[in-house]
Structure formats: C-alpha cells, structure tokens
Amino acid sequence: MKIIFSFFITTLLLGPQILLAQSSLATPVNNLSTPSFDQKAWIDFIRNFYYPRVSRTMFIEQISPSFGSSGTVVTISGRGFNKTANRVYTGYGLIEGVPSWDGKHLIFKINFLSGAMGNAMINAKSNENSKVKAMRIPLWLYVENETGISNNRIFWFQFDPFKS
Amino acid sequence: MIFHKKTFLMKFILGILIFSQVAVPLVARAVGTIPFGGIVTGVIPCLCSGNFLIIQKPVAGPAMLMYQPGVSRLYQYGQILVPGTQILGNASVPVPCVELIVIFCVPIYTAPLITMVGTSGIAGAIPNFGGPNGSANPNSSGAPPGPNTPSPTGSTTNNPCSTNQSQSSAGYITANEGWRNNVYVDSRGNPTVGIGHLIRAGESIPSGYLTDTQVRNYFNQDYSRAVNDARGAADRHNVDFDSLSPARQTVLVDMAFNMGTNPNGLTQGQQGLDGFNRMWSGIEAGDWQRAGQEVQGSGYYGPRADRNAQIMATDDQSLINQQINRDPRSASICPI
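Conventions and cut-offs
Residues numbered from 1 in each chain as written. Chains lettered and ligands numbered in written order. Predicted model: local features only at pLDDT ≥ 70, side-chain atom pairs only at ≥ 80, totals over all residues. Heavy atoms only, no water. Pairing = 2+ DSSP bridges. Helix = DSSP H or I, 4+ residues; strand = E, 2+ residues; numbered from the N terminus. Axes fitted to C-alpha atoms, helices over the stretch in contact; angles between N-to-C directions. Buried < 20%, exposed > 50% of the residue type's maximum accessible area, 1.4 Å probe, protein only. Contact = heavy atoms within 4.5 Å. Core = buried A, V, L, I, M, F, W, Y, C linked by side-chain atoms within 4.5 Å. Phe/Tyr/Trp six-rings, centres within 6.5 Å; stacked < 30°, edge-to-face > 60°. Lys NZ or Arg CZ within 6 Å of the ring centre and 35° of its normal. Disulfide = S-S within 2.5 Å.

Undergrad: Any details on the sheet that holds strand β6 (residues 105-109) of chain A? Residues and values, ideally.
TA: All names here are of chain A. Pairing in this open sheet of three strands is antiparallel, and the strands run β1-β3-β6 from one edge to the other. The sheet is open, and its two borders are formed by β1 (59-64) and β6, each paired with just one other strand. With direction set aside, neighbouring strand axes in the sheet form an average angle of 25°. Two elements, strand β3 (residues 73-79) and β6, share five bridges in a ladder whose sense is antiparallel.

Undergrad: Help me get a handle on the environment of B:Leu74, residues and values and all.
TA: By the element assignment, B:Leu74 lies in strand β4 (residues 73-75). By relative accessible area, which is 12% here, B:Leu74 ends up buried. C-alpha separation for the pair B:Leu74 and B:Met116, spaced 42 residues apart in sequence, amounts to 6.0 Å. Other than its neighbours up to four places away in sequence, B:Leu74 contacts A:Pro138, A:Trp140, B:Tyr67, B:Ile80 and B:Val117.

Undergrad: Which residues make up the pairing of β3(A), and what values go with them?
TA: Within a regular strand, side chains alternate between the sheet's two faces. The pairing of β1(A) with β3(A) spans five bridges and is antiparallel. Bridging across to β3(A), A:Ser64 finds its partner in A:Thr75.

Undergrad: Describe the nonpolar core, naming the residues involved and giving the relevant values.
TA: Ranked by internal contacts, the top residues of the largest apolar core, which has 53 residues, are A:Phe112 and B:Ile54. A total of seven residues in this core trace back to one element, the largest contributor, which is strand β7 (residues 135-145) of chain A. Beyond its immediate chain neighbours, meaning those up to four positions away, A:Phe112 contacts A:Ser70, A:Tyr92, A:Ile137, A:Leu139, A:Phe157, B:Phe52 and B:Leu81. Of all hydrophobic cores here, the second largest spans 46 residues; its members include B:Tyr223, B:Leu244, B:Trp280 and B:Met312.

Undergrad: Quick one: what's the story with the packing of aromatic side chains, residue by residue and with numbers?
TA: Under the definition given, this model contains 11 aromatic pairs over all chains. Aromatic pair A:Phe112 and B:Phe52: ring centres 6.2 Å apart, planes at 15°, arrangement stacked. Of this pair, A:Phe112 sits in the loop between β6 and α3 (114-126) while B:Phe52 is found in strand β2 (residues 51-60), placing the two residues in two different chains. Summarising the aromatic geometry, the rings of B:Phe219 and B:Tyr223 are spaced 5.9 Å apart at their centres and angled 35° between planes, so their arrangement reads as tilted. Separated by four residues within a single helix, B:Phe219 and B:Tyr223 lie in helix α3 (residues 212-236), roughly one turn from each other. Judged on exposure class, the residue B:Phe219 and its partner B:Tyr223 are both buried. Through successive ring pairs, a cluster of aromatic residues spans A:Tyr92, A:Phe112, A:Phe157, B:Phe52 and B:Tyr67. Taking NZ or CZ as reference, A:Arg136 lies 4.4 Å from the ring centre of A:Trp156, over its face. The positively charged end of B:Arg248 is found above the aromatic ring belonging to B:Trp288, 3.7 Å away from the centroid.

Undergrad: Can you tell me about the state of the cysteines, naming the residues and giving the values?
TA: All names here are of chain B. All chains considered together, the criterion is met by two disulfides over all chains. Here Cys46 engages in a disulfide with Cys97; their sulfurs sit 1.9 Å apart. Between Cys46 and Cys97, the S-S torsion sits near -105°, and that sign places the bridge as left-handed. Highlighted residues: Cys46 in strand β1 (residues 34-46) and Cys97 in strand β5 (residues 86-101), separated in sequence by 51 residues. Of the two residues, Cys46 and Cys97, neither departs from the other in class, the shared state being buried. Between the sulfur of Cys48 and that of Cys105 lies a disulfide, 2.0 Å long from S to S. Sign of the S-S torsion, about -75° for the bond between Cys48 and Cys105, identifies this disulfide as left-handed.

Following this line, the structure appears as structure tokens:
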C-alpha cells in the first residue's frame, strides 16, 4: 500500500515531464538527419563561411564606455586604424568609412533598437502593467580595414524603457 | 494511515529512480540539440520576452530560431543580430517570442532556443562599394556578363573550357583564388566575390551574393582577360606565348589573373606581370631556373608564388594537378 502510494506521488511529480517528452519525440530533434538536408549545400556553406583575415597591426585596447543605451557615443582606443576608412562591426550591423584622425581612436554612435525603445516607452506610459523586459545585450565590436580584422571588445547594450 | 518517515522516504527515492530510468532518457532526447546553419535574413526583437527571433535562410535546421542574450552562448564573430551573416550552432527547446503589440504582450512565434552560435564576419553587407555616391553602374545591375562577352580591350574571348589546357588553367586559378558566392574583402582590402573577382568602382552586387552560374560567368570574363593580359605581356617581352609549355602558360595566366599586368603598381607587392622583367628575361633566354627564381623576386610571395616559381622552373604539371585536386570545385569549373 505504501509502495503504491509513493509511486502515485512520484507519478504526479514526473508524469508531466514524461508526457512532454513523449509528445516532443513525435518531431525530429536533429534536422541534419531529415530528408530535406542537402549535404552538398552544407559543404558549400561551410566552404564559403567568411572568416576575415586577422590583422597583425591593428589592435583594440579598450572601448569607452563599455556599456550604455541607444545614442551612446563610443570611443575605441587602440592602434593601427586606417585614417580614412574603417569598418566597425557593432554586433547589430556594420558602420563603414569610420575615420581615425590619429590611427589610435575611432568614434561612432550606438544606434540599436532606437525605434523599438521609443515605441516601448510610449506604450509603457500608456500601460502601467507593461511587461516589456529590460535586456542586457552583449554587442561584439570589431574593426576591419585593409590589414584585416582586429580583436574584439564587448559593449553591453542596456535596453530598459523604464529607466531611459 | 500511518507512515514511517524513513521507509516512505526510501520508497519515494526508489520510485524517483525507477521513473528516472524511463523519464530522463526521454526528456534528454526530447530536448536534444538541433544543429543549424544558414544566413541571417531578419531579426525581430521580442520586447516582452527579452529575446530575439532570428530568421535564417537555412542550409540546415529550422528557419526560425530564438536568441536569448545571457543564455545563448556567442562565439566569434558574435554578429548574430546582423542580417547577411552566416551562422552556425546548436539549438534546443522551443521558447516563445512575446512581442509588444500596441499595449499587449502577445506570443507571436515559438522557435528553438539557440544554445551556442558562431557567426561569420560581415562580408555580404557591402552593397555600397559602387561609385562615389554608392550608385550602381547601369551596366552591372547585379547580373554578370554572359560567357561570350567581348573583352573590354577588344581582344579575343577565351573560353576557359574550350581545351584541356584552358580547363587546367581555369581549375588551377580557381583552386588558388577559392570560390566564394558572397562578397568578401580580399587580402588587400578590396571587395571581392566569386573566384577572385574584384568589385570595381561603379560595379555592385546588390544582394551581396552570387549564384554559382553568376560566379562562373564572372570567372569566364576574368579568365579571358587574364589570358589576353598574359599574351600581351609575353609579346611586349619578346616571348612567344604559344611556344611555352602548358604548365608555364598556366603560371603566367595565373599571375595575370592575380596581379594584372600594370608594371607600375602602387607598391612593390602590387606590380603586375609586366613588371617582372628579370623573369621575362629568363623565359626569353630559356633559363628556367632563373625565371623561376624571379617569379618570387619582385615582391610576389606566399604559397601561391612558391608554387608558381617551382612550376616555372621545373615545368611540373603534376603540381598544377595536385592543386586542382585539392578543391572539388576547381575540378568542376568546366562541367562536362
């Protein structure tokens, strides 16, 4: 009797997980094994994967500030930047033609989720119970120019419509 | 009913163990990894769930994925939110994208959560490398020239697949240059696509991507130009191009393809085929050792230059064949 009761308790605890697992098993979990997988296309994809050449002369030492929201002006300090044209990977896009007056500093503005943030703020004001979530998003910054691509630094983008 | 605490606890644990034998493998399989790879075509921020819906043109895996900052592990180059980048990784259990619509949070889609992802650099996002105003050349609206387009210099058009010799040269150049369907930046910082096709001012690839047919068409024109350039350079240095062995012809065409012919490049390393005067002197004199040495003697260096120097010196066709065989696409540049 006690054994049956303890089984009953454990069934209550684990039953939903088993049902979830069994229902999920109806769908393939590994899409590489599905018939739609095209091996040739996959090989082409891997072959064409773009790895920028690593620069031997360019290096990012620091970024300032290292966190902020949309509109933050970021300064990248380092060495080996092109004086007229650098490509800055921002983690959400690409800014081209960024000049460096001394080859050691680059300045650009973070312009990420600005539209979404504005909309969220408007909606937050109109709805006290808005469930818009604050996010902390790592943006990987790189600089690329004719010498190759630099090392990276992470800018922490803070999306918080209630504090902005 | 009276319970003995100790006995009940033991049986409860036993029950968990028995069920875990059944349940854990099922759950593990159900939440197993989903490998994926493709090109990002769209990114939707899900403001209420604090994550991003990533839409990819999949080569493998699902077309929709969820990226959760702080949970999904990013690897080099970390550009998951940039349309046009290639992504490669694993996903797991489905999670919802909950979007703010007017003033309500509404789940709009459920997709597998990315557990780890690496990305390419941003190669395809170079649509503005056209003219000074970024305007596209009306003659190059993304559609490459056909295979029989006359050479701009008015010289003859060379079909890279017309003879065994030209097939070999075309395959060798393809192996040396590599085959890329997407725009990338070459070692000199120039936007390039296909088989080493330099995107010149006024020319644009609007989508940043070429089909295989477009790659071949660009190559046909570039190859034809390189053959004419090599012949022209040989003429200017009193060398009969047609009297050279196929392997040495291939080396000259490869050099012309890679560097052009301009003898007055901006830097020592950028001079073209016409600038290799001592190499031409060696060829004219039939002094192949000297000609081979001089292939590398003008700021042209690296594995490709080493190989070309060796072929020039030894006339060893097997080095060309080895290079072609390393890359199946090189062998297929002239489909039978």
